Amino acid sequence: MAEVGNIRIADEVVAKVAAKATIEIDGVYKMSGGVVEEVSELFGKKTLGKGVKVEVGERECSIDVYLVVEYGAIFPEVASNVQQSIIKNITEMTGLKVMEVNVYIQDIHIEEKEVVEDLEIL
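Basis of the calculations
Residues numbered from 1 in each chain as written. Predicted model: local features only at pLDDT ≥ 70, side-chain atom pairs only at ≥ 80, totals over all residues. Heavy atoms only, no water. Salt bridge = Lys/Arg side-chain N within 4 Å of Asp/Glu carboxyl O. Buried < 20%, exposed > 50% of the residue type's maximum accessible area, 1.4 Å probe, protein only. Helix = DSSP H or I, 4+ residues; strand = E, 2+ residues; numbered from the N terminus. Contact = heavy atoms within 4.5 Å. Axes fitted to C-alpha atoms, helices over the stretch in contact; angles between N-to-C directions. Parallel < 35°, antiparallel > 145°, perpendicular 65-115°, else oblique. Left-handed = near helix turned anticlockwise from the far one by under 90°. Nonpolar A, V, L, I, M, F, W, Y, C, P; charged D, E, K, R; others polar. Patch = residues over 30% accessible without salt bridge, like charges linked within 9 Å, V, L, I, M, F, W, Y side chains within 5 Å. Areas by Shrake-Rupley, 256 points an atom, 1.4 Å probe, with all protein chains shown as cover. pLDDT = per-residue confidence, 0-100. Expected span 1.5 Å × (residues − 1).

(A) Inspection of the pattern of salt bridges at higher detail. Tallied over the full model, the rule gives 3 salt bridges. Residue Arg8 is joined to Asp11 by a salt bridge in which the shortest nitrogen-to-oxygen separation is 3.8 Å. Residue Arg8 is classed as exposed on the basis of its relative accessible area of 57%. Looking at Asp11, the relative accessible area reads 28%, which means it is partly exposed. The residue Lys20 makes a salt bridge to Glu24 at a minimum N-O spacing of 3.1 Å. For Lys20, a relative accessible area of 42% puts it in the partly exposed group.

Shown next, in the form of structure tokens:
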């Protein structure tokens, strides 16, 4: 088949696909977007690609994701599931080869009632 032109997928699109694939994983509480994105959220600006950094080439990409996980989740298991989900979704939806997915667990989310119950035991 003859080439009819170029196809370029924006970094933001790849970031949104990666974010969606990430938040669907059990144990992920939310994406961690850093101070600038957290402040933006306070003013009502929500971005699905927050907590994701991507480098997109012509046929491949590399992805970094920053997470807050649920207390009690098994971190290596959550991270592995995130990597697999991102690779599957990016490959199927964009056709890009995912060279690497780096997962950074920035924080854990602890429900207030769990903290109160733990303190009552002491």
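(B) How the structure looks around the side chain of Ser32. Inspection of the secondary structure assignment puts Ser32 in the loop between strand S1 (28-31) and helix H2 (34-42). In this structure Ser32 touches Gly51, Tyr66, Leu67, Val68 and Gln106, once residues within four positions along its chain are discounted.

(C) Summary view of the packing of helix H1 (residues 11-23) against helix H3 (residues 75-94). Contact geometry for H1 and H3: axes closest at 8 Å, N-to-C directions at 135°. Accordingly, the angle class assigned to the pair H1 and H3 is oblique. The handedness of the crossing between H1 and H3 comes out as right-handed. Touching Val14, Val17, Ala18, Ala21 and Thr22 of H1 are Val82, Ser85, Ile86, Asn89, Ile90 and Met93, all from H3. Of the residues assigned to the contact of H1 with H3, the class counts are 8 nonpolar, 3 polar and no charged.

(D) Spatial organisation of a nonpolar patch on the surface. Residues Tyr71, Phe75, Ile105, Ile108 and Ile110 make up a contiguous nonpolar surface patch of roughly 400 Å² in combined accessible area. Assessed through its relative accessible area of 33%, Phe75 is described here as partly exposed.

(E) Structural context of the confidence of the model for the protein. Mean pLDDT over the protein works out to 86, with 78% of the residues at or above the 70 mark. Per-element mean pLDDT across the protein ranges from 49 in H2 up to 98 in H3. Note on residues 35-40: pLDDT is under 50 here. Beyond four places in sequence and across chains, it has 6 contacts.

(F) Region of the structure containing H3. Here H3 contains 20 residues, and its C-alpha end-to-end distance of 28 Å stays within 8% of the 28 Å for a straight helix at 1.5 Å per residue. Packed against the buried residues of H3 are H1, S1, strand S3 (60-70) and strand S4 (97-109). Count one or two residues on from H3 and you reach Gly95, which has phi positive near 80°.

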